[in-house]
Amino acid sequence: MIFRQLFDQQSSTYTYLLADGATGEAVLIDPVFEQVRRDTALIEELQLRLLYTIDTHVHADHVTGAWMHKQRAGSQIAISAASGAEGADRYLTHGDFCPFGARYLSVRATPGHTSGCICLVLDDESMAFTGDCLLIRGTGRTDFQHGDPHAMFRAIHHQIFTLPETCLLYPAHDYRGLTVTSVGEERRFNPRLGGELCEDDFTGYMTNLGLPHPKQIDIAVPANLKCGFAACDPSRMAEPSWAPLSYTFAGIWEINAQWLEENLRAVQIVDVREPDEFNGPLGRIPEARLISLGELAQRAGELGQDRPIVTVCRAGGRSAQATAILRRSGFEAVANLAGGMLRWRAEGRVVENGSV
Ligand code: FE
C-alpha cells in the first residue's frame, strides 16, 4: 500500500493519500482546495488513479478540494450523509466500505465536532483517520456546527478507543507539528478524555475552551456544504496558458519540449550552464542566451518581461533552480526544460554548434 501524509500550512490541515500499489487505485482524505495542484502532481508522478475524495466532515477552516479534484481527475466526491452537504456522488453512513484496489476503508460515525463527522479505518485496523474528532493529545472543538461534547466523548470511547492499542491514528489537523499517535497512547495520555477522565470531566473541559471564532468559517462552511463547488475565483487555479506546461510535486513548472522546439522565438531561452559547456560538444538550443546560474540573480534585469522564459542546463537540475531565482526576481511566466540538453539531444531535437 502507498501512504502519504500531506500538510497545508495555512490551515494546519493534513491530507492523506492512500493507494493500492498493485492496481494504482487511490483515495484522498480531506483534500484542501489550495493544494489541488500539488496533490494532483504527486498522484500523477506515482502513476495513481484517484477514485474518490473523502471529506471527514464539513470543514470550517479551509475549503475542500473535492470538487476541484473531480473537475481535474474525474474522481467521485464522498462525504457522510449526515453532513448535510449537497453535490456529493456518494453519501456515506456508519459501516460503509470505501474500496481502492484490494484494500478498503470502513466508515465509523463519530459525531461531536459536527453532527456529520466520520472516522475512516483501514481494513486491517493498522491505521485510522480521525478527522476533527480525536486529535493528537486533543480533540476537535464542539462549540459550533451542531457540536456536542457528550456525543464526542461516546464516539471516541466506542468507535476509536475500541480499535487495537497499536492502531495508528492520523488526525485532520495538528497545530504543533505532531504527525501521528496511537489508540493506546491517547487512551492513556489524552488530557481531555484519557486515563480515568469521565464524560462530565470532558464536557466541563470542552465548554470552557474559550476558542476564537475560526477565521475562514464564513467562507469555508457554505463552500463545503456544496463540496467545494466553484468555491474560489477559478483564475486562482487556472493553469498558465502561454505554453503546454506541467507542474511537479517539487513545485516546478516544466515545458513541453516539442512545443518549445516549434516555438523557439516565442520565448526567451536562458541557458544557465557554464561558458565551456555552452560552447561544448552537447551544443545548445538555437536562440538560447548564456547566463550562468551563479550570475542569474544579478543579471536577471537583462531579461525582458515581454516574453516568457524557459531555462535550460545539462540535465535539468540547475535550470530548475533557475526558475526559482527568476520568480524571486519578479518573472511570473517561467518554466524549466526537464531533462536539459541531454534529453533534448536524446529526443533528436534541433541543436546549434553541437558535435554528433
Ligand atoms: Fe473541523
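Our structure is the block above this text.
The notes below deal with the structure included here. Values in this document were obtained by computation on a predicted structure and should not be read as measured data.

Right, let's get into the packing of aromatic side chains. Under the counting rule described, the total for this entry stands at twelve aromatic pairs. Aromatic pair F3 and F129: ring centres 6.0 Å apart, planes at 50°, arrangement tilted. Residue F3 is found in strand 1 (residues 2-8), and its partner F129 is found in strand 10 (residues 127-131); the two are separated by 126 residues along the sequence. Judged by centre distance (4.9 Å) and plane angle (80°), the rings of F97 and Y104 are edge-to-face. Y104 sits in the partly exposed class, given a relative accessible area of 31%.

So, about the sheet that holds strand 10. The six strands are arranged 7-8-9-10-13-14 in an open sheet whose pairing can be described as mixed. The two strands at the open ends of the sheet, each matched to only one other strand, are strand 7 (97-100) and strand 14 (181-182). Pairing analysis gives four bridges linking strand 10 to strand 13 (residues 168-171), with the strands arranged parallel. Among the inter-strand pairings, A128 is bridged to a residue of strand 13, identified as L169.

Following both chains from N to C, one finds helix 3 (residues 149-160) and helix 5 (residues 199-206) inclined at 130°, their axes separated by 9 Å at the closest point. In this view, helix 3 runs oblique relative to helix 5, as classed from their interaxial angle. Two packed elements cross with a definite hand, and for helix 3 against helix 5 that hand is right-handed. Counted together, P149, H150, M152, F153 and R154 of helix 3 and E199, F202, T203 and M206 of helix 5 form the full contact between these two elements. Among the residues forming the contact of helix 3 with helix 5, the class breakdown is five nonpolar, two polar and two charged.

Scoring rules and cut-offs
- Residues numbered from 1 in each chain as written.
- Predicted model: local features only at pLDDT ≥ 70, side-chain atom pairs only at ≥ 80, totals over all residues.
- Heavy atoms only, no water.
- Phe/Tyr/Trp six-rings, centres within 6.5 Å; stacked < 30°, edge-to-face > 60°.
- Helix = DSSP H or I, 4+ residues; strand = E, 2+ residues; numbered from the N terminus.
- Buried < 20%, exposed > 50% of the residue type's maximum accessible area, 1.4 Å probe, protein only.
- Pairing = 2+ DSSP bridges.
- Axes fitted to C-alpha atoms, helices over the stretch in contact; angles between N-to-C directions.
- Parallel < 35°, antiparallel > 145°, perpendicular 65-115°, else oblique.
- Left-handed = near helix turned anticlockwise from the far one by under 90°.
- Contact = heavy atoms within 4.5 Å.
- Nonpolar A, V, L, I, M, F, W, Y, C, P; charged D, E, K, R; others polar.

Remember, this is a structural readout, not a statement about activity or role.
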